[in-house]
Amino acid sequence: METKTIQKTKETLQKTERLTGSEAIVRCLLAEGVNTLYGYPGGAIMPVYDELYKYQDKIHHVLTRHEQGATHAAQGYARISGEVGVAIATSGPGATNLITGIADAQIDSTPMVCITGQVASHLLGSDAFQETDIVGISTPVTKWNHQITKASEIPEVMAKAFYIARSGRPGPVLIDITKDAQFEEFDFSYEKCKGVRSYKAVPKTDENSLKAAAKLINTAKKPLVVWGQGVILGEAEQEFKNFIEKAGIPSAWTILGVSAIPTEHPLNVGMVGMHGNYAPNVLTNECDVLIAIGMRFDDRVTGNLATYAKQAKVIHFEIDPAEVDKNVKTNVAVLGNAKESLAAILPLIKKNEHAIWRRAFDDLYAIEYEKVIKNDLYPTKEGLTMGEVLKEINIQSKGEAAIVSDVGQHQMIACRYANFNQTKSNITSGGLGTMGFGLPAAIGAKMAAPEREVVCICGDGGYQMTIQELGTIFQQRAAVKIVVLNNDFLGMVRQWQQLFFDKRYASTEMTNPDFVAIAKGYHLNARRVTKREELAEAVAEMMQSKEAYFLEVCVEKEDNVFPMIPTGASVSDIRLS
Amino acid sequence: MEKELKQFTVSVYTENNIGLLNRISAIFQRRHINIESINSSVSEIENVSKWTIVVNLTEERMKKIIGQIEKQVEVIKAYYHTETEIIYQESCIFKMKSDLLFDERQIQNIIKDSNARIVTVNKQFFVIEKSGRKEEIELLHRELSVFGIMQFTRSGRIAVSKEEMKISNILKTIDH
């Protein structure tokens, strides 16, 4: 490996041990504090699995039922704990099955290390059995990747992999190891990576940018904060809270930012974006200073950029310089880690209330409540709504549960209505929108935080994309609570077909199996609810269960999620029906 | 409305690692941008590679792409320049039938006038080499193609900037 890592300290000359490459890999994982990894064995990774067998009292390997499940479980593990999630697979199809999870982790900045076996180095490029160019394939969706062909490379590459995955803006790293390198013996010693010369994890915060930002914030009459996952990834929740409370700024979240401060916090004005709340979307186009913190102005957040917050001065707190001015032109960019930059700006901020401006949010909330929220949470029609299921979960969890959602209508409802008291509690596939993410991610989340209640909310479509992970739940006795909100449709696509394709429901209707029977086939407690009268009791039973529990709720078939910003429309043209 | 496309020469200083070409070219590919030419070589700094990439795009996109290139772990620094900000050369070679050298006297004048150079001559063919700016090479190509060219190859652009690229300073701050 040519890349220069920061020089090792000469004094700490460590003793070496004669090990095989495969044992070295396990020892590297242990040195990085890994105690759980998710994977699936196969030919090219068998030497490592043989070592995992020997080290099974120190490191727990979770056999998922598909390699995609291994990546999502590793993501769930990482998202709830802030630690690096680890997935392992064999070469060829094992490796390619990781790609969806890797792409998901890349776009959602999730720290993950994936290890793949590879055919022996003398076979590389020969179309050998189960050979695939996984380094080539994974390049556009990894923060970094590398192929190891010599055992002696393992310690430095593995140390670098973990350093890169977790530092700065986190992301996925893939390490591909040829089978001969796994067998080869070498003199092993391990030292953690302290830096890579070509890689600056966290850019320096410019003092002047802090002053300029503070000046804009202090003179703003109608400031709005939009925060994203950067607050959570930077563990800046307290600094963030101090900042918005001192400045008295109403604050809205992106889908990955939620739970950084409690749902009930008086300055929390809800979600921005396509299915976000009415007030923060409409008032994005009325604020005079927009303060973006650890978010990246995704198109699902901004709607049409040509009409997005044009009246506002924009301040962007951001760790990744490539995000600055990428989608929205900023007046002041504050580079750096949110934890440090928010702490640094606090003394420069004047105390403020913005009482009149905050009332504007209350007024618009009242409209949204009347037109949307009331009907979602307290429906008067016969059919069950997804919203009322969330309401029951809130009652039972008291906002303490981690909510893992899949992708689609139920995801939007879950994010809109779930109550969160604790950070790192909303685990969902935001950027990539990966159906099938929910169930395996919930496994990883529950295993990383066994003391927490983990509720997985899926639709009937996404659930069936990774339904085989019920086997993992059963085998691991992971006490995940699974709720399938079943409308017998790919609901979000159907909603678009209804609104934009004249109700031509092309391939969105699902003829579903007996989900309860399937869950019972995996020996899980399971129940189906079809009537409102049963709902509260069924949710209570699920939440009180000490074991995994499956609850299917048959909801209204053709309900839509509102508010909604149609594609290409302005955030202020958000529709309530 | 489409904004004006300009030609930019990108200089990327990187570690010398397998797979980096893929990683950098993928950044252009995902935005559906064609790379006009690309050259990789050693740089003025030991163990640091330098890529010279020529692309046509708007300056706004260029800036965003530079950010995304620099974000790659093994990229040390990336710069973009317009043609007036750099000194550049491209190089090309022509293989032509040897008979032409004697039958078509004009060719010798073309070679002389264009400051091209005959690399080798044998009974079957002769090879001309020419380094220069893009337009000069295009002109020579036009003039020689009349006589029939057996083979033609042109190199990617190589360039140095008129202004200093503060790459060594960056490395110093990282190394210590």
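Being a predicted model, the structure only gives us computed values, none of them experimental. (Residues numbered from 1 in each chain as written. Chains lettered and ligands numbered in written order. Predicted model: local features only at pLDDT ≥ 70, side-chain atom pairs only at ≥ 80, totals over all residues.)

Quick look at helix 5 (residues 134-145) of chain B
All names here are of chain B. Taking 1.5 Å per residue as the helical rise, helix 5 with its 12 residues ought to reach 16 Å, and the 16 Å between its terminal C-alpha atoms agrees with that figure. If you check which residues of helix 5 are buried, you get Ile 137, Leu 140 and Leu 144. Seen from one end, helix 5 has its buried residues packed into an arc of 60 degrees, which puts them on one side. The exposed set on the far side of helix 5, more than 90 degrees from its buried face, consists of Glu 135, Arg 142 and Ser 145. Next to the buried residues of helix 5 lie strand 5 (86-97), helix 4 (106-113), strand 7 (125-132) and strand 8 (151-154). (Helix = DSSP H or I, 4+ residues; strand = E, 2+ residues; numbered from the N terminus. Expected span 1.5 Å × (residues − 1). Buried ≥ 20, exposed ≤ 12 C-beta atoms within 10 Å, placed from the backbone. Arc of directions from axis to C-beta. Contact = placed C-beta atoms within 7 Å.)

Details of the domain arrangement of chain A
Residues and elements named next belong to chain A. For chain A, the domain assignment lists domain 1 (17-188), domain 2 (207-361) and domain 3 (382-554). Spacing between the C-alpha centres of domain 1 and domain 2 amounts to 37 Å. Facing 6 residues of domain 1, the contacting portion of domain 2 comprises 6 residues. Here the side of domain 1 that touches domain 2 is composed, by residue class, of 1 nonpolar, 3 polar and 2 charged. (Domains from an automatic or database assignment. Nonpolar A, V, L, I, M, F, W, Y, C, P; charged D, E, K, R; others polar.)

A closer look at the sheet that holds strand 18 (residues 481-486) of chain A
All names here are of chain A. The sheet built from 6 strands is open, its strands ordered 16-15-17-18-20-19 with parallel pairing. Edge positions in the sheet fall to strand 16 (426-427) and strand 19 (525-529), since each of these pairs with one other strand and no more. With 5 bridges connecting them, strand 19 and strand 20 (residues 549-554) associate as parallel partners. Looking at strand 20, one finds that Arg 527 is bridged to Leu 551. Helix 16 (residues 386-397) rests against strand 17 (454-459), strand 18 and strand 20 of the sheet, and its axis sits at about 160 degrees to strand 18. Across the sheet, helix 18 (residues 438-448) touches strand 15 (402-405), strand 16, strand 17 and strand 18, and the angle it forms with strand 17 is around 175 degrees. (Pairing = 2+ DSSP bridges. Axes fitted to C-alpha atoms, helices over the stretch in contact; angles between N-to-C directions.)

Some thoughts on the sheet that holds strand 12 (residues 289-293) of chain A
All names here are of chain A. As summarised here, the arrangement of the 6 strands in space is 11-10-9-12-13-14, forming an open sheet in which the pairing is parallel. Only two strands of the sheet have a single partner each, and these edge strands are strand 11 (268-271) and strand 14 (332-335). Between one strand and the next, the sheet's axes are offset by a mean angle of 20 degrees, whatever the strand orientation. Where strand 9 (residues 223-227) and strand 12 come together, 5 bridges link them in parallel fashion. Residue Val 226 lies in a different strand from strand 12, and its bridge partner there is Ala 292. Where helix 9 (residues 207-219) meets the sheet, its contacts fall on strand 9, strand 12, strand 13 (313-318) and strand 14, and the angle it forms with strand 14 comes to roughly 130 degrees.

What to know about unusual backbone geometry
Residues and elements named next belong to chain A. The omega torsion across Phe 562 and Pro 563 is 0 degrees, close enough to zero to call that bond cis. Structurally, Pro 563 is set in the segment after strand 20. At Lys 398, a position not held by glycine, the phi torsion is positive, near 55 degrees. Secondary-structure assignment places Lys 398 in the loop between helix 16 and strand 15. Lys 398 gets classed as exposed once you count the C-beta atoms within 10 Å, which come to 11. Positioned with a positive phi, Arg 477 is a non-glycine residue whose angle comes to about 50 degrees. Mapping Arg 477 onto the fold places it in the loop between helix 20 (470-476) and strand 18. For Arg 477, a count of 8 C-beta atoms within 10 Å translates into the label exposed.

Topic: the packing of helix 1 (residues 21-31) of chain A against helix 7 (residues 154-166) of chain A
When two helices pack together, you describe them by how their axes are tilted relative to each other and by the distance separating the axes. Residue and element names in this part refer to chain A. Across the interface, helix 1 lies against helix 7 with an axial gap of 10 Å and an inter-helix angle of 30 degrees. The pairing of helix 1 with helix 7 is recorded here as roughly parallel in orientation. Considering the relative orientation of helix 1 and helix 7, their crossing is right-handed. Here Gly 21, Ala 24, Ile 25 and Cys 28 of helix 1 lie close against helix 7, whose contacting residues are Ile 154, Pro 155 and Met 158. Of the residues that constitute the contact of helix 1 with helix 7, the class distribution is 6 nonpolar, 1 polar and no charged. (Parallel < 35°, antiparallel > 145°, perpendicular 65-115°, else oblique. Left-handed = near helix turned anticlockwise from the far one by under 90°.)

Let's talk about the domain arrangement of chain B
For chain B, the assigned domains read domain 1 (6-81) and domain 2 (88-154). Using only C-alpha atoms to locate each centre, domain 1 of chain B and domain 2 of chain B end up separated by 31 Å.

Some points on the pairing of strand 7 of chain B
The two faces of a sheet get side chains in turn, since along a regular strand they alternate between them. All names here are of chain B. As paired elements, strand 5 and strand 7 share 8 bridges and run antiparallel to each other. From the neighbouring strand, Met 96 faces strand 7, where its bridge partner is Phe 126. For strand 6 (residues 117-121) and strand 7, the ladder comprises 4 bridges, and the chain directions are antiparallel. For Thr 120, the partnering residue across the bridge sits in strand 7 and is Val 127. Two successive antiparallel strands, strand 6 and strand 7, enclose a turn made up of 3 residues.

Remarks on the nonpolar core
Counting 180 residues, the largest nonpolar core has Ala 87, Val 113, Phe 240 and Cys 456 of chain A as the members making the most contacts within it. The element best represented in this core is helix 7 of chain A, accounting for 8 residues. Once residues lying within four places of it in the same chain are set aside, the contact partners of Ala 87 of chain A are Leu 37, Tyr 38, Gly 39, Ala 70, Thr 71, Ala 74, Leu 98, Gly 101, Met 112 and Cys 114 of chain A. Phe 8, Tyr 13, Phe 28 and Leu 57 of chain B belong to the second largest nonpolar core, which has 22 residues in total. (Core = buried A, V, L, I, M, F, W, Y, C linked by C-beta atoms within 7 Å.)

Describing helix 11 (residues 237-247) of chain A
Residues and elements named next belong to chain A. Within helix 11, burial applies to Glu 237, Glu 239, Phe 240, Phe 243, Ile 244 and Ala 247. Viewed end-on, helix 11 has its buried residues packed into an arc of 165 degrees, placing them on one side of the element. Residues of helix 11 that are buried sit in contact with helix 9, strand 9, helix 10 (230-233), strand 10 (251-253), strand 12 and helix 14 (338-345). Once helix 11 ends, the next one or two residues include Gly 248, with phi positive near 60 degrees.

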